[in-house]
Amino acid sequence: MNSIRRLLTSRLLLAFTLILGIAGVAIYLLARLGLYRELDAQLKFKALAMAALTKPGRDYVDLEFPERIASVAGGEGVPEYFQLFDAQTNILAQSPGLSNFVFQPQFGVLENPAFWNLRLPDGSHGRAVGVEFVAKPPAPKPKPRPKDKEKEAKPPPPEPVPVRLVIACSSEKVNEQLQRLLWILAIAGSGSVAATLILVPRLLRRGLEPLQKLGEQAGGISAASLQVRFPTERLPEELRPIVSRLNELLARLESSFERERRFSADLAHELRTPIASLRATADVALQWPEQGGRESWEAVHELAVQMEAMSEQLLAMTRAEQSDWTIQRQPVCLKPLFNSVWQQLRVTAEGRRISLALDMPEDASLDTDVKLLRAIISNLLGNSVEYAPAGSRIEVGFHAVDGGFELRIANPSNNLKPEDVPKLFDRFWRKDQARTASGHLGLGLSICKSFANLLGYELGATLSGSNILVMSLRGRFSNAA
Amino acid sequence: MKVLVVEDARHLRQAIVSGLRRAGYAVDGAGDGAEGLWFAESNDYDVVVLDIMLPEMDGLTVLRRLREKGNRTHVLLLTAKDAVEDRVRGLQAGADDYLVKPFAFAELLARIQALCRRRYGQKSPLISVGDLEIDTASKMVRRAGAPIELKPREYALLEYLALRQGEVVSRSEIEAHLYDEQADPMSNVVDSAICTLRRKLGTPPIIHTRHGHGYVLSADAT
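One structure accompanies this document, and this report is about it. Owing to the predicted nature of the structure, the values given are computational and were not obtained by experimental measurement.

**Examining the overall build of chain A**
Phase 1: Within chain A, the secondary structure is distributed over 10 helices and 14 strands.
Phase 2: Relative to its full complement of 481 residues, chain A shows a buried share of 36%.
Phase 3: As displayed, chain A offers around 28900 Å² of accessible surface, 56% of which is attributable to carbon and sulfur atoms.

Written as structure tokens, this is what we have:
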């Protein structure tokens, strides 16, 4: 299972162990370098001291070598050795402990001697320095002028002699110190890793607690609890935008679910009456089959047509809301369109003595989908004819507004109230909720609004103080919605 | 029994009215609340089947108006609203029963029958008058154990008289409870129906005439 906490824990532990390892190795190497440099400095110092004290003797091969140098030994029980060679690497002098032992010498100059590790005669680890230099006789001391006889007897000073010197000492102490350091680093490192193993998961758990709580809260949300909102107080800054968006999403979901729930309930409610009619008709026809006749079948047919119309309207609305509609734009002249729609309504309109007044230029046109626009106009005019008071006049106006157009259909309304206007476009809303048998399902305006949205237009409604209902369709002349 | 059906859905109203008539009820139908109120106030119905969502005047208002005027007719609310609060509101407004759409017609019929019985203080579906037995549930009539075939309207007349056994029932009351607006008020349908019923019920006569007053269904010959 993919877990941020586990992933972070393992990666942090790995990174910490790696850093700890690198740091440990670096500390060890630096300490080793420092200790060896110190040892080398001591060896160099001794080599320089011995070089300064090494003098050629009167005889070419007989070098003066101070006694105290010959007794050089490592202080505090540390064994130390030296070997003095001539230019041909013949041993001229050496420590007493080196009877048959010969170093494998390497030599550098005094300023830059050669150092190397080696095995000492006692088998222990050691460090050696090798230098080559010229042993010079000491400068003559100023003396009182000798007598002539004495002058003739004094021998000449010895010639400088090139010699090579190797000094070796034990490095066991350094190795012991390094070994100790290694142990300290290993123990400290292991302790640190162990502490990290304990602390990091806890710290991460605490640090990721808001995220975990968020996850638990989100996990507890279902379709029945969409009213829940995530608290944003005391939330880490990083999570705030996420929680804020989640809350917005929940609000939209809640609204959408509520709308769907209401729609389902409304739909079920709307279906009850035709279903009840169908069932009652069928029950009666079945109970008294000898008395059932054409009337029952006519009723069944009418009810089926009514329910078919409802399903078609619902389907049209669903398609419009899902934008599952191919819009075919073309120039549409409005006046002929209105006249054509009015022709279909003329009989009903004349029956109610309702007239139409068109106030628009002859050439008024829109680049739009004629089927959708016709459906909108047909519905709006149909509503006006149905609900406007008998003998009233429907006024249609078309004019340019703010770079676009406004198409207004206005008619008097006796029974609408201002609080009804916002509900006009709700699905299944009817002013008179009882008119189930009139063919009006309360879906027409909702479908019109969806169609208008598809075309990129805006359909709205206002009710003036003198109870004139104005349905207005606004948009751009050429809308690429 | 006379029933008023107030329902705006035309096909549903027609089906209920037709079914109830075939079941032997006298039925009037109204398509909106105002018309329904007028019918209810103008006639003496045994049961009013009332839709809630009605044009002109909603069903609950019709019911309240009736109760305010002292009308005690049993009212069965018929509606698509099935929420508990809707039922409570309807019953609190004075309804006697509540039926949610869609429904089985047999259930509506049974509820109407039950309301009719309640109106006349009859709890059992079996009514006995001497050796005459009337089963209001199965609409079966027996006399001395022998079944008697009756037409719906004849049965309705007998049931009405049986529910009011021992009482003098006037011709106008019979007309008001057994004949709807389609019946011709000038005809002698009541007299002929009584005559037919007497013939089918046989002897000894069980329906007695009280001249100038009406008819009595009683096992007692006096």
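**Some details on the overall build of chain B**
Phase 1: The secondary structure content of chain B amounts to eight helices and 11 strands.
Phase 2: Burial status across chain B gives 54% buried among its 222 residues.
Phase 3: Sequence separation of 24 or more characterises 58% of the internal contacts of chain B that already satisfy a separation of 6 or more.

**Notes on the nonpolar core**
Phase 1: If you look at the biggest cluster of nonpolar residues, it comprises 57 residues, and the most contacted ones within it are Leu 20, Tyr 25 and Ile 174 of chain B.
Phase 2: If sequence neighbours within four positions are ignored, Leu 20 of chain B has contacts with Val 3, Val 5, Tyr 25, Val 27, Phe 105, Leu 109 and Ile 112 of chain B.

**Considering unusual backbone geometry**
All names here are of chain B.
Phase 1: Cis geometry marks the peptide bond from Lys 101 to Pro 102; its omega dihedral reads -10°.
Phase 2: Within the element layout of this structure, Pro 102 appears in the loop between β5 (97–100) and α5 (105–119).
Phase 3: One non-glycine residue, Glu 56, lies in positive phi territory at about 70°.
Phase 4: Among the secondary structure elements, Glu 56 is positioned in the loop between β3 (47–51) and α3 (59–68).
Phase 5: Its relative accessible area of 65% is what places Glu 56 among the exposed residues.

**So, the packing of helix α8 (residues 334–351) of chain A against helix α9 (residues 370–387) of chain A**
Helix-helix packing is characterised by the crossing angle of the two axes and by the distance between the axes.
Residue and element names in this part refer to chain A.
Phase 1: α9 packs onto α8 with a crossing angle of 40° between their chain directions and a minimal axis gap of 10 Å. For the pair α8 and α9, the sense of crossing is right-handed. On α9, the residues touching Leu 334, Leu 337, Phe 338, Ser 340, Val 341, Trp 342, Gln 344, Leu 345, Thr 348 and Ala 349 of α8 are Val 370, Leu 373, Arg 374, Ile 377, Ser 378, Leu 381, Gly 382 and Val 385.

**Overview of the sheet that holds β5 of chain B**
Residues and elements named next belong to chain B.
Phase 1: Here we have five strands laid out as an open sheet, ordered β2-β1-β3-β4-β5, and parallel in their pairing. Every other strand in the sheet has two partners, leaving β2 (26–30) and β5 as the edge strands with one partner each. Across this sheet, the average inter-strand angle for adjacent strands is 20°, counted without regard to direction.
Phase 2: Where strand β4 (residues 74–79) meets β5, four bridges bridge the pair, whose relative direction is parallel. By the bridge assignment, Thr 79 is partnered in β5 with Val 100.

**Brief notes about the pairing of strand β1 (residues 2–6) of chain B**
Residue and element names in this part refer to chain B.
Phase 1: Among the five residues of β1, five are classified as buried, and the element is accordingly described as predominantly covered.
Phase 2: Burial of β1 is two-sided: the residues Lys 2, Leu 4 and Val 6 facing one way and the residues Val 3 and Val 5 facing the other way are all buried.
Phase 3: Here β1 runs beside β2; their pairing, made up of five bridges, is parallel. Bridge assignment links Val 6 to a residue of β2, and that residue is Ala 30.
Phase 4: Where β1 meets β3, four bridges bridge the pair, whose relative direction is parallel. Among the inter-strand pairings, Leu 4 is bridged to a residue of β3, identified as Val 48.

**With respect to the packing of aromatic side chains**
Phase 1: Enumeration over the complete set of coordinates arrives at six aromatic pairs over all chains.
Phase 2: Taking the centre distance of 6.2 Å and the plane angle of 80° together, the rings of Trp 288 of chain A and Phe 105 of chain B count as edge-to-face. One end of the pair, Trp 288 of chain A, is in the loop between α6 (240–287) and α7 (294–321); the other, Phe 105 of chain B, is in helix α5, on a second chain.
Phase 3: On the basis of relative accessibility, which here comes to 11%, the residue Trp 288 of chain A falls in the buried class.
Phase 4: Their ring planes at 80° and their centres at 5.8 Å tell us that Tyr 120 of chain B and Tyr 160 of chain B sit as a pair that is edge-to-face. With Tyr 120 of chain B in the loop between α5 and β6 (126–129) and Tyr 160 of chain B in helix α6 (residues 152–163), this residue pair connects regions lying 40 residues apart in the sequence.
Phase 5: You can call Tyr 120 of chain B buried: its relative accessible area is 18%.
Phase 6: An aromatic cluster is built from Phe 398, Phe 405 and Tyr 457 of chain A, whose rings are joined through pairwise contacts.
Phase 7: Sitting over the ring of Phe 425 of chain A, Lys 449 of chain A keeps its end group 4.7 Å from the ring centre.

**Things to note about the interface of chain A and chain B**
Phase 1: Listed by partner, the interface residues are 24 residues for chain A and 24 residues for chain B.
Phase 2: With both chains or domains summed, chain A and chain B bury close to 2100 Å², and 62% of this area falls on carbon and sulfur atoms.
Phase 3: Counting the contacts that link chain A with chain B gives one salt bridge.
Phase 4: Ionic pairing is found between Arg 10 of chain B and Glu 302 of chain A, a salt bridge with its closest N-O pair at 2.6 Å.
Phase 5: For the pair chain A and chain B, the interface holds six residue pairs in polar contact (both at pLDDT 80 or more).
Phase 6: Looking at the side of chain A that touches chain B, the elements that each hand over two or more residues are α6 and α7 of chain A.

Conventions adopted
Residues numbered from 1 in each chain as written. Chains lettered and ligands numbered in written order. Predicted model: local features only at pLDDT ≥ 70, side-chain atom pairs only at ≥ 80, totals over all residues. Heavy atoms only, no water. Helix = DSSP H or I, 4+ residues; strand = E, 2+ residues; numbered from the N terminus. Buried < 20%, exposed > 50% of the residue type's maximum accessible area, 1.4 Å probe, protein only. Areas by Shrake-Rupley, 256 points an atom, 1.4 Å probe, with all protein chains shown as cover. Contact = heavy atoms within 4.5 Å. Core = buried A, V, L, I, M, F, W, Y, C linked by side-chain atoms within 4.5 Å. Axes fitted to C-alpha atoms, helices over the stretch in contact; angles between N-to-C directions. Left-handed = near helix turned anticlockwise from the far one by under 90°. Pairing = 2+ DSSP bridges. Phe/Tyr/Trp six-rings, centres within 6.5 Å; stacked < 30°, edge-to-face > 60°. Lys NZ or Arg CZ within 6 Å of the ring centre and 35° of its normal. Buried area = accessible area lost by both parts, 1.4 Å probe. Salt bridge = Lys/Arg side-chain N within 4 Å of Asp/Glu carboxyl O. Polar contact = N/O pair within 3.5 Å; in protein donor to acceptor, adjacent residues only side chain to side chain.

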